[in-house]
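# An overview of the molecular structure
As a plain string of letters, each chain reads:
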Amino acid sequence: MSWAGPEDIYLSTSLASYLDRKILVLLRDGRKLMGTLRSFDQFANAVLEGACERVIVGEQYCDIPLGLYVIRGENVVLIGEMVRLLLDTEREELPPHMIRVSETEIKRAQKVEREAGELRGTMRKRMEFLDFD
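Bear in mind the structure is a predicted one, so any value in this text is a computation, not a measurement. (Residues numbered from 1 in each chain as written. Predicted model: local features only at pLDDT ≥ 70, side-chain atom pairs only at ≥ 80, totals over all residues. Heavy atoms only, no water.)

### Digging into the sheet that holds strand 6 (residues 99-100)
If you trace the 6 strands from one edge of the open sheet to the other, you get 5-1-2-3-4-6, paired in mixed fashion. The open sheet is flanked by strand 5 (76-81) and strand 6, the only strands paired with a single partner. (Pairing = 2+ DSSP bridges. Helix = DSSP H or I, 4+ residues; strand = E, 2+ residues; numbered from the N terminus.)

Here's what the structure looks like:
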């Protein structure tokens, strides 16, 4: 029986190819985190350096800085590398209709969206009560 050496383990882990690269992590609660992957383990626990949370509401978005961030692996849904389309700059390519706003504005937009969702839920319950199906 032969034991795998460190190089064999390195090649067999898919997250190893993302080390020291900018990645996007989608969490179970729907949050989207971006940052540079510095470390990970067999449970997909990960450490992001220079992390930020991207909040998108409608056509508005905001990147909220988080700094050094540890992510528990059981909360990870998806991990992928962020590819820069413009190689000579650090700027990401975003759809032209997306508008960058401040953290205060995005929090306000989230609150409005949440309240509208709650109102739709209330109206749906009323319609179910009246049995209009």
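### Thoughts on unusual backbone geometry
Look at Asp 20: it is not a glycine, yet its phi comes out positive at around 65°. Relative to the helices and strands, Asp 20 resides in the loop between helix 1 (6-12) and strand 1 (22-27). Given the relative accessible area of 53%, Asp 20 is considered exposed. (Buried < 20%, exposed > 50% of the residue type's maximum accessible area, 1.4 Å probe, protein only.)

### Concerning the pattern of salt bridges
Scanning the entire structure with this criterion turns up 7 salt bridges. Among the salt bridges present, the one from Asp 29 reaches Arg 31, with a minimum N-O distance of 2.9 Å. Owing to a relative accessible area of 54%, Asp 29 belongs among the exposed residues under this scheme. Since its relative accessible area comes to 29%, Arg 31 is described here as partly exposed. In this structure, Arg 100 and Asp 63 form a salt bridge, with 3.8 Å as the shortest nitrogen-oxygen distance. (Salt bridge = Lys/Arg side-chain N within 4 Å of Asp/Glu carboxyl O.)

### Let's talk about the environment of Asn 45
Following the sequence through the fold, Asn 45 ends up in the loop between strand 2 (32-40) and strand 3 (46-57). Given a relative accessible area of 25%, Asn 45 falls into the partly exposed group. Once residues lying within four places of it in the same chain are set aside, the contact partners of Asn 45 are Ser 39, Phe 40, Ile 71, Arg 72 and Gly 73. There is a polar contact of 3.0 Å between the side chain of Asn 45 and the side chain of Asp 41. Within polar-contact distance, the side chain of Asn 45 engages the backbone nitrogen of Gly 73 at 2.6 Å. (Contact = heavy atoms within 4.5 Å. Polar contact = N/O pair within 3.5 Å; in protein donor to acceptor, adjacent residues only side chain to side chain.)

### Overview of the nonpolar core
What tends to happen in soluble globular proteins is that the nonpolar side chains get buried as a cluster. Membership of the largest hydrophobic core is limited to 10 residues, which are Ile 23, Val 25, Leu 27, Leu 33, Leu 37, Ala 46, Leu 48, Ala 51, Ile 71 and Val 76. Among the elements of the structure, strand 1, strand 2 and strand 3 are those that each provide at least two residues to this core. Ignoring sequence-local partners within four residues, the contact set of Val 76 consists of Val 25, Leu 26, Leu 27, Ala 44 and Ile 71. In this structure, Val 57, Cys 62, Ile 64 and Ile 106 belong to the second largest nonpolar core, which totals 7 residues. (Core = buried A, V, L, I, M, F, W, Y, C linked by side-chain atoms within 4.5 Å.)

### Here's the deal with the side chain of Glu 53
Within the fold, Glu 53 resides in strand 3. Within the buried core, Glu 53 has no salt-bridge partner, and the shortest N-O distance to an opposite charge, that of Arg 31, equals 4.4 Å. With residues up to four places along the chain from it excluded, the contact list for Glu 53 reads Arg 31, Lys 32, Leu 33, Cys 62, Asp 63, Ile 64 and Leu 66. (Lys, Arg positive; Asp, Glu negative; His and termini not counted.)

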